[in-house]
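Reading the structure
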Protein chains: 6
Amino acid sequence: MKIRMINPNASAGMARLLDAAGQRVKAADTALEVIHLPASVASIEGAADGVQAAFHLLPAVARGQAEGVQGFVIACFDDTGLDAARELAEGPVIGIGEAAMHAASMLSVRYSVLTSLPRSIHIIERNMRAYGLDRRCARVHAADIPVLELERDPAHYQRLLALGRQILEQDRSECLVLGCAGMSQWARPLQDALGAPVIDGVQVALKWVESLVGLGLGTSKLLSYRAPLQKQS
Amino acid sequence: MKIRMINPNASAGMARLLDAAGQRVKAADTALEVIHLPASVASIEGAADGVQAAFHLLPAVARGQAEGVQGFVIACFDDTGLDAARELAEGPVIGIGEAAMHAASMLSVRYSVLTSLPRSIHIIERNMRAYGLDRRCARVHAADIPVLELERDPAHYQRLLALGRQILEQDRSECLVLGCAGMSQWARPLQDALGAPVIDGVQVALKWVESLVGLGLGTSKLLSYRAPLQKQS
Amino acid sequence: MKIRMINPNASAGMARLLDAAGQRVKAADTALEVIHLPASVASIEGAADGVQAAFHLLPAVARGQAEGVQGFVIACFDDTGLDAARELAEGPVIGIGEAAMHAASMLSVRYSVLTSLPRSIHIIERNMRAYGLDRRCARVHAADIPVLELERDPAHYQRLLALGRQILEQDRSECLVLGCAGMSQWARPLQDALGAPVIDGVQVALKWVESLVGLGLGTSKLLSYRAPLQKQS
Amino acid sequence: MKIRMINPNASAGMARLLDAAGQRVKAADTALEVIHLPASVASIEGAADGVQAAFHLLPAVARGQAEGVQGFVIACFDDTGLDAARELAEGPVIGIGEAAMHAASMLSVRYSVLTSLPRSIHIIERNMRAYGLDRRCARVHAADIPVLELERDPAHYQRLLALGRQILEQDRSECLVLGCAGMSQWARPLQDALGAPVIDGVQVALKWVESLVGLGLGTSKLLSYRAPLQKQS
Amino acid sequence: MKIRMINPNASAGMARLLDAAGQRVKAADTALEVIHLPASVASIEGAADGVQAAFHLLPAVARGQAEGVQGFVIACFDDTGLDAARELAEGPVIGIGEAAMHAASMLSVRYSVLTSLPRSIHIIERNMRAYGLDRRCARVHAADIPVLELERDPAHYQRLLALGRQILEQDRSECLVLGCAGMSQWARPLQDALGAPVIDGVQVALKWVESLVGLGLGTSKLLSYRAPLQKQS
Amino acid sequence: MKIRMINPNASAGMARLLDAAGQRVKAADTALEVIHLPASVASIEGAADGVQAAFHLLPAVARGQAEGVQGFVIACFDDTGLDAARELAEGPVIGIGEAAMHAASMLSVRYSVLTSLPRSIHIIERNMRAYGLDRRCARVHAADIPVLELERDPAHYQRLLALGRQILEQDRSECLVLGCAGMSQWARPLQDALGAPVIDGVQVALKWVESLVGLGLGTSKLLSYRAPLQKQS
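Residues numbered from 1 in each chain as written. Chains lettered and ligands numbered in written order. Predicted model: local features only at pLDDT ≥ 70, side-chain atom pairs only at ≥ 80, totals over all residues. Heavy atoms only, no water.

**Quick word on the packing of helix α4 (residues 96–107) of chain E against helix α9 (residues 201–214) of chain E**
Two quantities define a packed helix pair, namely the angle between the axes and the distance from one axis to the other. All names here are of chain E. Contact pair α4 / α9: the axes reach a minimum separation of 8 Å and the direction vectors enclose 90 degrees. In this view, α4 runs roughly perpendicular relative to α9, as classed from their interaxial angle. Across the interface between the two elements, Ile-96, Ala-99, Ala-100, His-102, Ala-103 and Met-106 from α4 touch Gly-201, Val-202, Val-204, Ala-205 and Trp-208 from α9. Split into classes, the residues belonging to the contact of α4 with α9 amount to nine nonpolar, two polar and no charged. (Axes fitted to C-alpha atoms, helices over the stretch in contact; angles between N-to-C directions. Helix = DSSP H or I, 4+ residues; strand = E, 2+ residues; numbered from the N terminus. Parallel < 35°, antiparallel > 145°, perpendicular 65-115°, else oblique. Contact = heavy atoms within 4.5 Å. Nonpolar A, V, L, I, M, F, W, Y, C, P; charged D, E, K, R; others polar.)

Listed below in structure tokens is the structure:
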């Protein structure tokens, strides 16, 4: 099974982290390729960055589709360009934000999200509302650590742990969703320390794409996600 | 990986169908056992049937937990006894109703549900609202075929196909969710005929439980799903 | 008029308290019988307990129906087994949770609920959302007192009073709903002390069942609450 | 117990009908007085009529309060002036619209409303949303019969019956709420003919006000419904 | 263009403030007349006051309509009598509450409201929910300053400023909506001090009414806002 | 006052139509410039087109901001790139979709949208839900006419008129929102023919941007719409 995970920013370092996480959990017969987008923004911190990233994402999805990729993961918690990517792909396309939030609502009655920067909160809240999953979410918090810092400085773990404790307590939440692909590597130690599920959307999205492809399920091409129209010139 | 799928009614025949579906799609290293509950109701058609089924489901979950089962699928589209089962299990517990509806909302912008009997509609609608997934659902329809009839008479396929066509058209829906475990075997032919994703929650739930167990994720035991309290006597 | 109030747990003591409350407020021509379910759980603290209780509730409703009972009160704030009970009864069936919350929304613009244990909060919140009454509810709180303790130790009143004061203040609420049948006896003194309506669902549900029966209104048997189907054997 | 039902329009004829309905169902020890407001509009058909009626309603409530009235029913399905009336009363004040809709949601999973004129639909829908009860309502319909016609021409019954049949069918509803005080007298025959609960808010509101007064419950005076402030002059 | 702004209370002083604000921002060719209602309540603080004000508002709208007024502003943040006024007018009728909240949701992702008295909060919240704009509102706060005090004592500015700072911080809001016509004069200095948009509905409503009139848009007279029916006598 | 209206597709013809509409209704002292984006897609029909358009929109907004533009209109009914554009602008940025829907909810109790292509419906519905304005919208319809056809063939007017009639009737709507910038020129004749407000967001958005700029109101730069972060290199 041919799966592609796209890190929609320009960070090769983050792609390596994602690749490490993905190769560890993928099925034996999955050919997983993790790519980043060198022409995209260095990191996605807000809506304008998201527009840049989505623009560079689309040809990568189209290329994947042409190369026979059967399912895609979009590895940014903002689910950047998700609907547009679905127009270009036949197989399932899952964003790590939606994957994590759907999973959280099957493992707990109430979850909280911890993302990197405060300016991303409204984007996550808007997605969540579109998915309907805001009803199960207590609140979206920001650690106030830039995305690339997360990747560069593992010492941020202590701050995430302290915040996680405080959030579960204050929000009466029972599950923590990590709101940034760059936090992926800390999901397991945080879960062990907090005694509650800590969800990394990267891993969940990858496994769910594998699942759906394996079951013969893909993106509906009936109307909304049909391929873009060719324009009259 | 030890997974148990529980058909919460008393039908051995339906359990055999579920087992066939499950064995076909499970991972190689998954030990899947599909059980039914001989003391339960013959089929779950309404809330009183659901109470009976949930009552017989709980000891089966407790026994599974004692036997080292790592994840459970509840194979009734009403997600019968789901919250209660989560109190007894450590691993993930997924209902086929929720699995199908979560999947539908990642493969389409708008889905419809086709269940067996009209009296189940309000139960499904209530669950859907609790999950937040009503926003993406156009409508829940009933084929008006009793659950056990579905299993016994494959000729019902033609009726499901005709209804499926009509529903996608009238509801402006882009994905069809099969709202009864007994429809599982028709998911693929319906999908091929309708040209839109047709989702069988049995298969999706099984694969997602496998995914979550594999990632080390289980039911949050922090509060709401903690084990039942021992009573003072 | 023949009314039956069912305490769906096994506590005879709580049934006696409920009986005392009920006999005091019932209409002169109401024949009220309060029963408990000796085979049920000692108290309902969570979803698994609720499944047990609902299972034992159903034959009690069926028996009542056969004996000519015209209306039922389910005396657990979780409204345990409510939909299932309605399938078995012809007359109205009201849960004390719904009664209290409906009343609160006609006496105030914003109410809060104070229940016994934190693990019950999500059950009440889910019911409330199904009824639509979450819009008027500020928050559900738990006193963290086990149900049977409430009944056994009247000294808990002081704690409820302190919590009630704090809740109205912090939530900007104008009405307090007592979220446990075992708090029934303290409704009046709390109301006098707090200077705001304090609602005990036991009394409200009883009077409303009387009202509806008196007006010739019963449970709709048109579809969703129709009697359970007889199964093919 | 001293209860006053206020018909907020100027129709003495409608007040007589309401009085007949009320005297028939009230408790033996209830002193029920039904009044109309001669200076008000002839009937309440839209928001401007509602403002007129509310204006004339307030002194009637204030007078009732001064005369020791313990509970009020506002007998217009629009629940005209309800919040304002609550500022003036100590006891419960219930509108027939809210009473009927709350009752419907305890007797069925899904109800429809049949009111007199199309222009009232948006007012009822707005109230319903404020109460949270829109989730249980399929749709609000209008018979397109002016309010006073209803009262004058009993031949309208056949039209209501035909509409009721059609509405329950088309809306998949299980309960019919009569959306106008002037339809009160037809609740019972419609219920008998339709085989589903048909709810007249006049009777329900009266019985519920009796219930709440009897239980010592009144309008919260903590903040929002506090008596109007005296103005500096 | 002939525009009338109606202060629905009896305060000539507030009308003068409104007139000053309006004349400053109106278009050159707008003939703006600001009136107050001498027979109305001195200030609108709660629902009963609102009923009085709406009653006196209606003839003023009818008179304006007869005099050729092309658009109306209702200058009370509660949007007193708004729906009723629309039945009497042909042109647009905008309340300052709705104008401010609509504007806030186009200038920020999340706004808070600061009104005068706590008893008005539930009225504003109910309107907001009817408009759909509650989703973007963090919370409605009250400065606890009576309406006429605001007008009389400019020293209240310091209190509003301190509250504004605290509200933006605590609510994670990005825009402050002034919830009382009497705060109009402080919008600009507050905005300069807070570094975030501070919205005065008086000015926005006036400009928007001008806009809509200029574009040939008026109140829909198709059904709900049709002129009140003439009554049979 | 310097206002820029951006047609985010590549059609110079549509920009000319927008310019004609804008120059006709702008204030005398407004310097309005209407631009299109030659490198963008020919028309925006779906999410992938939207990503392209948003990408080309951002430098145009940045340039405008640098040139002293005080307010922006985004002239695509999908409100393409709206949040991202707000990060780049200091003044107000209004999309024609949101403007039309906000206006509709102040002129009617219930509106319908008529857009060009069915595949745009879900995008409009998602925006509408984010704005909260779905509560007032009956339904979004598509005329099934490609965007550029609208512009090229004025004969489409008859089809729009017939659809408008049918929509208002079937949806019980009282206001029609034109869901495509290319329909702008038909707003007035449709309004005259339908006897109900027909709203063209192009004109409304322009006037409202003028209004907000004139009142000194701009986009909140407090957090979510702050300028994009400069990346570390």
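Picking up after the structure, the text goes on.
**Let's talk about the interface of chain B and chain C**
With 36 residues of chain B in contact, the opposing surface of chain C contributes 36 residues. When chain B packs against chain C, close to 3,300 Å² is buried across both sides, 56% of that on carbon and sulfur atoms. Across the contact surface, chain B and chain C share 14 residue pairs in polar contact (both at pLDDT 80 or more). Taken together, the elements giving at least two residues each to the side of chain B that touches chain C come down to α2 (47–66), α3 (82–88), α5 (121–131) and α6 (147–152) of chain B. Considering each element in turn, the side of chain B that touches chain C owes the most residues, nine residues, to α2 of chain B. (Buried area = accessible area lost by both parts, 1.4 Å probe. Polar contact = N/O pair within 3.5 Å; in protein donor to acceptor, adjacent residues only side chain to side chain.)

**Considering the interface of chain D and chain C**
Taken residue by residue, the interface counts 47 residues in chain D and 48 residues in chain C. By the criterion of area lost to chain C, the three top residues of chain D are Met-106, Leu-107 and Leu-215 of chain D, representing 19% of everything that side buries. Taken together, chain D and chain C are joined by two salt bridges. One salt bridge in this structure joins Arg-135 of chain D and Asp-134 of chain C, with 2.8 Å as the shortest N-O distance. Elements supplying a minimum of two residues to the side of chain D that touches chain C: β4 (93–95), α4 (96–107), α5 (121–131), α8 (187–194), β8 (198–200) and α9 (201–214) of chain D. (Salt bridge = Lys/Arg side-chain N within 4 Å of Asp/Glu carboxyl O.)

**Description of the arrangement of the chains**
Taking C-alpha atoms only, the smallest gap left between chain A and chain D, which are not in contact, amounts to 15 Å. Note that chain C does not reach chain F: the shortest distance linking a C-alpha of one to a C-alpha of the other is 15 Å.

**As for the relation of the copies chain B and chain C**
Superposing chain B onto chain C takes a rotation of 180 degrees plus a shift of 0.0 Å along the axis, which leaves an RMSD of 0.0 Å. Both copies are brought into coincidence by an operation consistent with a two-fold rotation axis. With an isologous cut-off of 70% or more, the 100% of interface residues of chain B that recur at the interface of chain C puts this contact in the isologous class. (Least-squares fit on C-alpha atoms with pLDDT ≥ 70 in both.)

**Looking at the domain arrangement of chain A**
All names here are of chain A. When cut into domains, chain A gives domain 1 (2–95 + 204–215) and domain 2 (97–200). With 25 residues of domain 1 in contact, the opposing surface of domain 2 contributes 30 residues. Around 2,000 Å² of area is buried between domain 1 and domain 2 when both sides are counted, 64% of it from carbon and sulfur atoms. For domain 1, the biggest contributors to the area lost against domain 2 are Met-14, Glu-45 and Phe-77; these three give 36% of the whole. The partner of Glu-98 in a salt bridge is Arg-86, and the shortest N-O contact between them spans 2.6 Å. Along the contact surface separating domain 1 from domain 2 lie ten residue pairs in polar contact (both at pLDDT 80 or more). Taken together, the elements giving at least two residues each to the side of domain 1 that touches domain 2 come down to α1 (12–25), α3 (82–88), β4 (93–95) and α9 (201–214). Per-element tally for the side of domain 1 that touches domain 2: the top contributor is α1, with five residues. Tallied by class, residues from the side of domain 1 that touches domain 2 come to 16 nonpolar, five polar and four charged. (Domains from an automatic or database assignment.)

**So, unusual backbone geometry**
Residues and elements named next belong to chain A. Despite not being glycine, Arg-172 has its phi angle at roughly 55 degrees, a positive value. Here Arg-172 lies in the loop between α7 (156–171) and β7 (175–179). By relative accessible area, which is 25% here, Arg-172 ends up partly exposed. (Buried < 20%, exposed > 50% of the residue type's maximum accessible area, 1.4 Å probe, protein only.)

**Digging into helix α4 (residues 96–107) of chain F**
Residues and elements named next belong to chain F. Here α4 is twelve residues long and its end C-alpha atoms lie 16 Å apart, about the 16 Å a rise of 1.5 Å per residue gives. Judged by how many residues are buried, α4 sits mostly within the fold: twelve of twelve residues are covered. Of all the residues in α4, the buried ones are Ile-96, Gly-97, Glu-98, Ala-99, Ala-100, Met-101, His-102, Ala-103, Ala-104, Ser-105, Met-106 and Leu-107. (Expected span 1.5 Å × (residues − 1).)

**Focus: the side chain of Arg-119 of chain C**
Tracing the chain through its elements places Arg-119 of chain C in the loop between β5 (111–115) and α5 (121–131). Of the residues examined, Arg-119 of chain C reaches a relative accessible area of 4% and is grouped as buried. In terms of polar contacts, Arg-119 of chain C uses its side chain to reach the backbone carbonyl oxygen of Arg-226 of chain B, at 2.8 Å. In this view, Arg-119 of chain C contacts Glu-87, Leu-223, Ser-224, Arg-226, Ala-227, Pro-228 and Leu-229 of chain B together with Glu-45 and Gly-46 of chain C; residues no more than four positions away in its chain are not counted.

**Section: the layout of surface pockets**
When its volume is computed, the second largest pocket comes out at roughly 810 Å³. Val-25, Lys-26, Ala-27, Lys-207 and Glu-210 of chain F are, among the 36 residues lining the second largest pocket, the residues nearest its centre. Within the residue set of the lining of the second largest pocket, elements represented by two or more residues are α1 (12–25) and α9 of chain E together with α1 (12–25), α8 (187–194), β8 (198–200) and α9 (201–214) of chain F. Classifying every residue of the lining of the second largest pocket by side-chain character gives 16 nonpolar, nine polar and eleven charged. (1 Å grid on protein atoms, 1.4 Å probe; cavity = no way out; pocket = protein on both sides within 12 Å on 5 of 7 lines; lining within 4 Å. Points joined across faces, edges and corners; volume = space filled by probe spheres on them.)

**Structural notes on the pairing of strand β1 (residues 2–7) of chain E**
All names here are of chain E. Most of β1 is tucked away, with five of its six residues classed as buried. With respect to chirality, the unit in which β1 leads through α1 into the neighbouring parallel strand β2 (residues 31–36) is right-handed. Of the strand pairs in this sheet, β1 and strand β3 (residues 71–74) are connected by four bridges, and their pairing is parallel. Each residue of the ladder has a partner; that of Arg-4, found in β3, is Phe-72. (Right-handed = clockwise from strand over helix to strand, strands pointing away. Pairing = 2+ DSSP bridges.)

**Regarding helix α7 (residues 156–171) of chain F**
Residue and element names in this part refer to chain F. The terminal C-alpha atoms of α7, which comprises 16 residues, lie 22 Å apart, in line with the 22 Å expected from a rise of 1.5 Å per residue. Every buried residue of α7 is accounted for by His-156, Tyr-157, Leu-160, Leu-161, Leu-163, Gly-164, Ile-167, Leu-168 and Asp-171. Just downstream of α7, Arg-172 is the residue with a positive phi angle, here 50 degrees.

**Considering the pattern of salt bridges**
Tallying each qualifying case throughout the model produces 54 salt bridges over all chains. Of the charged contacts in the structure, one is a salt bridge between Asp-83 of chain F and Arg-126 of chain A, with a shortest N-O distance of 3.1 Å. You can see Asp-83 of chain F sitting in helix α3 (residues 82–88) and its partner Arg-126 of chain A sitting in helix α5 (residues 121–131), one on each of two chains. Judged by its relative accessible area of 30%, Arg-126 of chain A is partly exposed. Close ionic contact of Arg-119 of chain D with Glu-87 of chain E constitutes a salt bridge, the shortest N to O distance being 3.3 Å. With Arg-119 of chain D in the loop between β5 (111–115) and α5 and Glu-87 of chain E in helix α3 (residues 82–88), this residue pair bridges two chains. Because the salt bridges share partners, they merge into one network encompassing Asp-83, Arg-86 and Glu-98 of chain A together with Arg-126 of chain F.

**Let's talk about the relation of the copies chain D and chain C**
Expressed as a screw operation, the relation of chain D to chain C combines 0.0 Å of axial shift with a rotation of 180 degrees, fitting to an RMSD of 0.0 Å. Comparing interface residues between copies, 100% of those in chain D also sit at the interface in chain C, which points to an isologous, same-surface contact.

**Describing the environment of Gly-81 of chain B**
All names here are of chain B. Along the chain, Gly-81 turns up in the loop between β3 (71–74) and α3. Taking the C-alpha atoms as reference points, Gly-81 and Leu-212, separated by 131 residues in sequence, lie 20 Å from one another. In contact with Gly-81, not counting residues within four places along its chain, are Ala-54, Leu-57 and Ile-74.

**Things to note about the sheet that holds strand β6 (residues 137–142) of chain E**
Residue and element names in this part refer to chain E. As summarised here, the arrangement of the four strands in space is β6-β5-β7-β8, forming an open sheet in which the pairing is parallel. The open sheet is flanked by β6 and β8 (198–200), the only strands paired with a single partner. Here the average twist between neighbouring strands, direction ignored, is 25 degrees. The pairing of strand β7 (residues 175–179) with β8 spans three bridges and is classified as parallel. Considered in β8, the bridge of Leu-178 is made with Asp-200. Packing against the sheet, helix α5 (residues 121–131) makes contact with β5 (111–115), β6 and β7, and its axis sits at approximately 155 degrees to β6.

**Section: the state of the cysteines**
Residue and element names in this part refer to chain A. Following the criterion strictly, the structure yields zero disulfides over all chains and no others. No disulfide involves Cys-76; its nearest neighbouring cysteine sulfur is the one of Cys-180, lying 7.3 Å away. Relative accessible area serves as the criterion here: at 10%, Cys-76 is assigned to the buried category. (Disulfide = S-S within 2.5 Å.)

**Some details on the confidence of the model for chain A**
Mean pLDDT for chain A: 95, with 98% of residues reaching 70 or above. On the interface metric, ipTM, the complex scores 0.96, and its pTM is 0.96. (pLDDT = per-residue confidence, 0-100.)

**Observations concerning the packing of helix α2 (residues 47–66) of chain A against helix α2 (residues 47–66) of chain F**
For the pair α2 of chain A and α2 of chain F, interaxial distance at closest approach is 9 Å and the crossing angle is 130 degrees. Relative to α2 of chain F, α2 of chain A is oriented oblique. Every pair of crossing elements has a handedness; the one defined by α2 of chain A and α2 of chain F is left-handed. Here Ala-48, Val-51, Gln-52, Ala-54, Phe-55, His-56 and Leu-58 of chain A of α2 of chain A come into contact with α2 of chain F, specifically with Ala-48, Val-51, Gln-52, Ala-54, Phe-55, His-56 and Leu-58 of chain F. (Left-handed = near helix turned anticlockwise from the far one by under 90°.)

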